[in-house]
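Summary of structural features
Each chain is listed here by its residues.
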Amino acid sequence: MSPTRPAWRIARQVLLWVAVSSVAGLAIGLAVSFFQGDGVEPPTLVISVLFGNVVGLTAMVGSVWLFPRLRGRSGVLRFPLLVMTLLSGAILGSVAVLGAYPLFVFRELRLAVVVVIVNGVLALVVGGVVLGYEEMRLRLQDSLREVEEVRLVEARLREEAARAELAALQARINPHFFFNTLNTITAMLEVDVRKAEELLETFASLFRYAFDVADAAPVPLGDEIAFTRDYLRIERARFGDRLQVAWHVDPRSLAVRVPGLILQPLLENAVGHGLAPRARGGRIDVSAAMDGSRLEIDVVDDGVGLSDSGERLSRDGHGLGNVARRLEARYGRRAALDLSSAPGGGARARLSLPAGSAWPAGAETSA
């Protein structure tokens, strides 16, 4: 907020109160002239407008400006001070107006006293109404501020939960096939040193990426696919021709941002629990396509199929529960992970999430 804005708001508020008070005072002056039957006298209208501003501005100062500054104090001190402010402001203002028109006082002294008293009562009534409105408005502001604070806390907790889930997933990836990969590389050193060196470079790249996405920021799907290809390259060094993978990727989907390490657990589940138990292995089909404003990713294997319900697996085990919780933390109900039996046998893992954020076309990573 700029430093000139508060002064501008105050000036606008004063002008609004002056306009409303002047109209109210003018209406009272016309009514008094009508009932007296003496015709409209300009001095009477001017005095009425001034009295209206005395009452209006006194109510504004007491209820709009003074009251918010006394909210932290006890009611024993706050309300008597407000009453005194309204009464003293109305009385002093009325006396000042009458002092500017002494002939009115000398001509109708009793009426002048009545006017001062009436203005004091009006200031209390108008001030009380405005005070009630200001109290409700300030309470609503407090409630909205508390709701916003709760929302920010929830958002921060969701972000921290996503980071914790990602850290847990990283910790799970590291030991899960760390030793298997090292054993594979060690065995390959005796057969094909060049290929063993390539696997070691891929292995290093794999873990470098896993730690690069530790800030839980979304990454392009193209990066996730490149990372998953490295993962599968290492797995294929272990399984050989028993592991076949086919990719069907819509180029438009490569730039869509997704949570880091969101695709690899789906492939890991298909390899470890779908194909590994079969002596002849099997095939995995990975597809990524745009469906309107959503990204749909399917990982289908022709392995042994599901040994449990897809809902339970995606909630509890095989790394899929981690993926489901991270999706819920980031997208709420706008994203989903479904695990079901694939047509003809095996299993299908379907990932569906909003595709609202994308990198520029030049930033795409080739799949």
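Scroll up for the structure.
Residues numbered from 1 in each chain as written. Predicted model: local features only at pLDDT ≥ 70, side-chain atom pairs only at ≥ 80, totals over all residues. Heavy atoms only, no water.

Comments concerning helix 8 (residues 264-275)
With 12 residues, helix 8 extends 15 Å between its outermost C-alpha atoms, agreeing within 8% with the 16 Å of an ideal straight helix rising 1.5 Å per residue. Extensive coverage of helix 8 is indicated by the burial of 10 of its 12 residues. (Helix = DSSP H or I, 4+ residues; strand = E, 2+ residues; numbered from the N terminus. Expected span 1.5 Å × (residues − 1). Buried < 20%, exposed > 50% of the residue type's maximum accessible area, 1.4 Å probe, protein only.)

Section: the environment of Leu 122
Secondary-structure assignment places Leu 122 in helix 5 (residues 109-189). Here Leu 122 falls in the partly exposed class, since its relative accessible area comes to 35%. Residues Leu 122 and Val 55, 67 residues apart in the sequence, show an inter-C-alpha distance of 6.7 Å.

Re helix 7 (residues 221-239)
Taking 1.5 Å of rise per residue, 19 residues should cover 27 Å, and helix 7 covers 26 Å from first to last C-alpha, within 8% of that figure. Every buried residue belonging to helix 7 is among Leu 221, Gly 222, Glu 224, Ile 225, Phe 227, Thr 228, Asp 230, Tyr 231, Leu 232, Ile 234, Glu 235 and Phe 239, and all of these are buried. Two residues or fewer after helix 7 comes Gly 240, characterised by a positive phi angle close to 65°.

Describing the pairing of strand 6 (residues 336-341)
In this sheet, strand 7 (residues 347-354) lies alongside strand 6 in antiparallel orientation, the contact comprising 6 bridges. Residue Asp 338 lies in a different strand from strand 7, and its bridge partner there is Arg 350. (Pairing = 2+ DSSP bridges.)

So, a nonpolar patch on the surface
A surface patch of nonpolar side chains, about 560 Å² in accessible area, is lined by Leu 109, Val 113, Ile 117, Val 121, Val 125 and Val 129. Looking at the element boundaries, Val 113 is found in helix 5. (Patch = residues over 30% accessible without salt bridge, like charges linked within 9 Å, V, L, I, M, F, W, Y side chains within 5 Å. Areas by Shrake-Rupley, 256 points an atom, 1.4 Å probe, with all protein chains shown as cover. Salt bridge = Lys/Arg side-chain N within 4 Å of Asp/Glu carboxyl O.)

Examining the nonpolar core
Ile 284, Leu 295, Val 299 and Leu 351 are the most contacted members of the largest nonpolar core, which has 48 residues in total. With near-sequence residues (within four places) excluded, Leu 351 lies in contact with Ile 262, Leu 266, Leu 295, Glu 296, Ile 297, Val 323, Leu 327, Ala 336 and Leu 337. Judged by nonpolar contacts, the second largest core, of 8 residues, contains Phe 51, Val 54, Ala 112 and Val 115. (Core = buried A, V, L, I, M, F, W, Y, C linked by side-chain atoms within 4.5 Å. Contact = heavy atoms within 4.5 Å.)

Re the side chain of Thr 228
Mapped onto the secondary structure, Thr 228 falls in helix 7. Note on Thr 228: relative accessible area 0%, which makes it buried. With sequence-adjacent residues up to four places away left out, Thr 228 is seen in contact with Trp 247, Leu 263, Gln 264 and Leu 267.

A closer look at the side chain of Ser 253
Mapping Ser 253 onto the fold places it in the loop between strand 2 (243-249) and strand 3 (257-258). The exposure class of Ser 253 is buried, given its relative accessible area of 0%. Apart from residues no more than four positions distant in its own chain, Ser 253 is found in contact with Leu 221, Ala 288, Met 290 and Leu 295.

Some words on unusual backbone geometry
Phi is positive for Leu 261, close to 60°, though the residue is something other than glycine. Its place among the elements puts Leu 261 in the loop between strand 3 and helix 8.

Quick look at the sheet that holds strand 5 (residues 294-301)
Across the sheet, which stays open at both edges, the 5 strands sit in the order 2-4-5-7-6 with mixed pairing between neighbours. The sheet terminates laterally at strand 2 and strand 6, the two strands that pair on one side only. On average, adjacent strands in this sheet sit at an angle of 15° to one another, irrespective of strand direction. Pairing of strand 4 (residues 282-291) with strand 5, which is carried by 8 bridges, proceeds in the antiparallel orientation. Across the sheet, Ser 287 pairs through a bridge with Asp 298, a residue of strand 5. Contacting strand 6 and strand 7, helix 10 (residues 320-331) crosses the sheet at an angle of about 145° to strand 6. (Axes fitted to C-alpha atoms, helices over the stretch in contact; angles between N-to-C directions.)

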